[in-house]
2 protein chains.
Amino acid sequence: MNVTFQRHPSSYNHWNLAVDGAIATVTLGVNPEVTMAEGYELKLNSYDLGVDIELADLLMRLRFEHPGVACVVLRANDEKVWCAGANILMLRSSTHHFKVNFCKFTNETRFAIEDAQNNSGQHWIAAVRGVCAGGGYELAACANEILLADDGRSAVSLPEVPLLGVLPGTGGLTRVVDKRKVRRDHADVFSTLSDGLRAKRAEAWRLVDEAVPLSNFEARIAERAQAAAEGATSDKKGIVLSELKFEKSETGYRFEYVSLDLQTAGRTATLTMRAPSQSAAEIAALSADEIRAQGDQFWALKAYRDLNEALLVLRFNHIEIGTVLIKTEGDADAVLAMDAKLAELQGSDWFVREMVLYMGFVLRRLDLTARSFFALIEEASCFAGNMLELALAADRSYLLEDEEGQIGVSVGALAGGDLPMSNGLNRIEIRFLHDEQAGRDVSGKQQTYIGAEAEKAGLVTYALDDIDYPDELRLAIEERASLSPDALTGMEANLRFAGVETMETKVFGRLSAWQNWIFQRPNAVGETGALQSFGEPTTPQFDWRRT
Amino acid sequence: MNVTFQRHPSSYNHWNLAVDGAIATVTLGVNPEVTMAEGYELKLNSYDLGVDIELADLLMRLRFEHPGVACVVLRANDEKVWCAGANILMLRSSTHHFKVNFCKFTNETRFAIEDAQNNSGQHWIAAVRGVCAGGGYELAACANEILLADDGRSAVSLPEVPLLGVLPGTGGLTRVVDKRKVRRDHADVFSTLSDGLRAKRAEAWRLVDEAVPLSNFEARIAERAQAAAEGATSDKKGIVLSELKFEKSETGYRFEYVSLDLQTAGRTATLTMRAPSQSAAEIAALSADEIRAQGDQFWALKAYRDLNEALLVLRFNHIEIGTVLIKTEGDADAVLAMDAKLAELQGSDWFVREMVLYMGFVLRRLDLTARSFFALIEEASCFAGNMLELALAADRSYLLEDEEGQIGVSVGALAGGDLPMSNGLNRIEIRFLHDEQAGRDVSGKQQTYIGAEAEKAGLVTYALDDIDYPDELRLAIEERASLSPDALTGMEANLRFAGVETMETKVFGRLSAWQNWIFQRPNAVGETGALQSFGEPTTPQFDWRRT
């Protein structure tokens, strides 16, 4: 497989974005012919990974190119079918690991919509007319509000259980009971009805916010959108997101600030991220206007777009890579200056705020990537500030103690919660669940810790001298490469997210894990399973033993 | 399979319970020959379901027969092997659904230990000498404190990932990072080390509370136990738990207060629970002494022991039953009087307190049972007080509206949080996540709701007249029986537990779901998988694709 994730509105196949002042209209209109693989057509506004990659791109552009948008109306180009969810033939013909990665990417995209609502002042209205089924309803449920046409025909549904023998796994079950707070028995009925619910009942059961008579549908959407956009100042001028250029060779990828080097022999990759090339003093002197003038070439945005693309190509295109060694290169002071500058301006400048939010999003994508990560803190590294998060997100970190006492890690100005994990905690906090005050001290003090001090402070796993370092590291990498990839995935998914849970961790932890289980079960994917039988003349044959 | 769950200390094969004043010593000494199935021996203090059933019995006896115990010392009879965890050959030869049910029962038993610590004043000390591996360490981690002999040999370990390609799924990963608050990178190292960690490092990394030199081991255990038991009044006289008698026939089970009737044709069962036979006035007049004099024949204990056994035989022995119809019979006023009496005395009387805790435990077992439950609220039913919890725990409830206006549901005195779910919420609260004040009003007012009022109040799913009721119910049962049992299990596991998460929901939701996934994966259970290869001359062959 060779997926890439760069798209542009001028060549979208499945979406349309129209911005009118503070109101954007996002319209789904899937081109059935343009698919990511052969063997299926995207009928009925159903989607595959390609549709979702465009949506992820669109979300980025809304935030960076159209910062004045205060309301997003989400709709479809087909009055009969709003969206039928993930394409069944696509799912059926996909491998297990593709299914899992596809669902994860889709889930991440859904949470990006909610992140824009919670943190960027976007109010989303799903304007639903026609059939809104499965992943379609899961998408609508990401909006702040759902208006459903009351026309005797339009309906919302989660037909996965009754029709396909799988779960509404793109957040559906969780958003129904946890976000929309639908009562569990109503949710039970809803999730087993293949035709779903029409307007009145859907409203009464909290599955939509408002049932709107068809005669009033357009007027009501406009009214709600106007209300949401009221008072918004749409004079913010966006920046332009240009195409991310990178070199791809047989041994990996080279982006401007990130390299991904693949060592297929040991199923290991090295992910290297580079610091800003500007000096700390230069960064400290930047004004918000100067930063905005740099646009998408500004390090904080460019480097994290590079990192995002690197993580995605790793996930989809190099599935046998099990261990990723994370390295950093460059001037730690420049990174700390970057943190300080971003922290200083994020409250007053939309562009800086969006960059910090995006950095948090990409780091969460790292937390959620099902590979083992070891951070290597060596000569000329810069695990400082936001780049220290890479080491904190890693499953382990190894620090080389040098005689000169140069190699260390530094806490920066964004450490206290500006780059949260999916559970809302910051990555220092989660290391100090046993002593929360100590954690606040470490994140608050913004100190540099050299060598053994970094281990003592709880920020790295091992600080080792130059005799032990290469041996320990080699052994650790070899050992990791010998372990069952499935056991590691399950282990990491549990160890990485201690502490409180959020809707996001519930979706990626519990809902996805159950879905993955079902994606392995003959009752879904066996020859006579429900997923395999859908649309065929045969009915599914189940092994009735309850587990 | 035909498992039953009644045991008695006089015939334990694997455990010894010795009570000395306020200190109990619980000693694991597995008889390798006494197994639940053929094909394996329980070497090295490893366990199978039979060992755990005895432990569950022992926990009940500690709470009811030895209420004066304030400290429990958990130890093993073998100085070299404390406990090697679940038996691998047993796991290997088990079906998928047995593995899943076995792990669930074991997890429930582990949480019962912690419940006794949190609510019954028991302080548990795991006194570990020798190898404490996998499920052995998971058991030790249930104690309030772990003392590990510092003898150069004793060690704690979670070798499931490196040796077996599965997870430490009986709470291991979760308790390490969430309860013991071991740092995630330390937990990562620990969980991939097949030999684990010995005393000093285990203490430094918070995996044990104290490394104790062997020369001082016994003295230190005694000292800690004395400290924990200090001030305890051991004059409470326990009651005797006699054997639970029941009739078993081809069509089901009849206990004193619970019947389980199996209709194999539709893969449906009816679970009927009966109210106390005493009148409300008689119950209201009871003193704590009189209740204690009734001992294990008192309704609140006896009926819930019956329910517990019914749920367990259903889970293990009747795995094709997919839908369970819950009915109640008897005098609702008597049940409400029971609730009032228990609420009145639980703060002052240990026996009443233990009964309420046990009722909560059994109701959580119902929440966690992977079958669909429909509550049927019909003539002569008594969904009142604690028995209303059965309807609230069900996935749906159907109420027959009678013309006389007799049929309804009643909220009792324990509704406000005395019978909590695994997430710590009460079952009314979770229905009112959208309006918490309304939930508090309903649980606080202790009202009776007749017919449509019950639906309006949010306490039942459907109130239907005598024309619609039989049709709707028949359709619902038929529809449920047609759905994929796996999809239903995953759906119910997600819809039942909205709201906050606890360590308990994390274990049953996330950890168990990942483990179940792994239990389906060829890398664990395939012919060349790690679980199949353990102890064999061959090494496992993995499909390296990361998922």
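On a predicted model such as this, the values are computed, not experimentally measured, just so you know. For every chain, the first residue of the written sequence is number 1, and numbering continues from 1 along that sequence. Note on labels: chains are lettered from A, ligands numbered from 1, in written order. Reporting of local features is limited, given that this is a predicted model, to residues whose pLDDT is at least 70; pairs of side-chain atoms are given and counted only at 80 or more, and all residues count toward the totals for whole chains, interfaces and linings. Note that water and hydrogens are dropped before the side-chain values are worked out from all heavy atoms of the structure.

### A closer look at the pairing of strand β18 (residues 372-377) of chain B
Residue and element names in this part refer to chain B.
- To sort residues, take the accessible area from a 1.4 Å probe on protein chains only and compare it with the maximum for the residue type: under 20% means buried, over 50% means exposed, and anything in between is partly exposed. Counting from the N terminus, the helices are the DSSP runs of H or I reaching at least four residues and the strands are the DSSP runs of E reaching at least two. The element β18 is extensively covered by neighbouring structure, given that six of its six residues are classed as buried.
- Of the two faces of β18, the one lined by Ser372, Phe374 and Leu376 and the one lined by Phe373, Ala375 and Ile377 are each fully buried.
- Paired strands are those between which DSSP finds at least two bridges. Here four bridges tie β18 to strand β19 (residues 396-400), and the two strands are oriented parallel to one another. Note that in β19 the partner of Phe374 across the bridge is Arg396.

### Overview of the packing of aromatic side chains
- Classification of ring pairs uses Phe, Tyr and Trp, with its six-membered ring standing for Trp, and accepts pairs whose centres are within 6.5 Å; under 30 degrees between planes counts as stacked, over 60 as edge-to-face, and the remaining range as tilted. In this structure the tally under the stated criterion is 44 aromatic pairs over all chains.
- Each ring, one from Trp205 of chain A and one from Tyr462 of chain B, has its centre 6.4 Å from the other, and the planes form 50 degrees; the classification is tilted. With one member in each of two chains, Trp205 of chain A in the loop between α8 (199-204) and β12 (210-213) and Tyr462 of chain B in strand β22 (residues 462-464) form a pair that bridges those chains. Judged on exposure class, the residue Trp205 of chain A and its partner Tyr462 of chain B are both buried.
- A ring pair is formed by Phe5 of chain B and Phe316 of chain B, whose centres lie 5.6 Å apart and whose planes are at 45 degrees; its orientation type is tilted. With Phe5 of chain B in the segment before β1 (15-20) and Phe316 of chain B in helix α12 (residues 299-317), the pair connects residues that are 311 residues apart, well separated along the chain.

### Points about the interface of chain B and chain A
- Between chain B and chain A, the residue contacts involve 90 residues of the former and 90 residues of the latter.
- Between chain B and chain A, a total of about 8500 Å² is buried, with carbon and sulfur atoms accounting for 57% of that surface.
- It is Arg184, Trp544 and Arg546 of chain B that lose the most area in chain B upon contact with chain A, and together they represent 13% of the buried surface on that side.
- Definition used for salt bridges: Asp or Glu carboxyl oxygen within 4 Å of a side-chain nitrogen of Lys or Arg. Our enumeration of links across chain B and chain A arrives at 16 salt bridges. Every residue pair with non-hydrogen atoms within 4.5 Å of one another is taken to be in contact. Note on definitions: buried area is the accessible-area loss of two parts on being combined, 1.4 Å probe, summed for both.

### Things to note about the relation of the copies chain B and chain A
- With an RMSD of 0.0 Å, chain B superimposes on chain A once it is rotated by 180 degrees and translated 0.0 Å along the axis. Within this description, the copies of the chain are treated as partners about a two-fold rotation axis.
- A symmetric contact is evident, with 100% of the interface residues of chain B recurring at the interface of chain A. When the copies are superposed, the least-squares fit takes in the C-alpha atoms of residues with a pLDDT of at least 70 in both.

### Considerations on the domain arrangement of chain A
Residue and element names in this part refer to chain A.
- Note that domain bounds follow an automatic or database assignment of domains. What the domain assignment reports for chain A is domain 1 (9-229) and domain 2 (252-491).
- A straight line from the C-alpha centre of domain 1 to that of domain 2 covers 33 Å.
- Counting from both sides, the interface comprises 16 residues of domain 1 and, opposite them, 19 residues of domain 2.
- Taken together, the two surfaces of domain 1 and domain 2 that pack against each other cover about 1500 Å², and 64% of this comes from carbon and sulfur.
- Considering only the surface of domain 1 that becomes buried against domain 2, Phe64, Asn101 and Glu108 emerge as the three largest contributors, covering 37% of it.
- Here a polar contact is taken to be a pair of N or O atoms separated by no more than 3.5 Å, where protein atoms must pair a possible hydrogen donor with a possible acceptor and residues adjacent in sequence count only if both atoms sit in side chains. Run the count over domain 1 and domain 2 and you get six residue pairs in polar contact (both at pLDDT 80 or more).
- Breaking the side of domain 1 that touches domain 2 down by element, the ones donating at least two residues are α1 (49-65) and α3 (96-119).
- The greatest single-element share of the side of domain 1 that touches domain 2, amounting to 10 residues, is contributed by α3.

### Describing the side chain of Arg365 of chain A
Residues and elements named next belong to chain A.
- By the element assignment, Arg365 lies in helix α14 (residues 350-367).
- Overall, the relative accessible area of 4% leaves Arg365 in the buried class.
- Dropping the residues within four chain positions of it, Arg365 is found in contact with Phe105, Glu108, Asn308, Leu311, Leu312 and Arg315.

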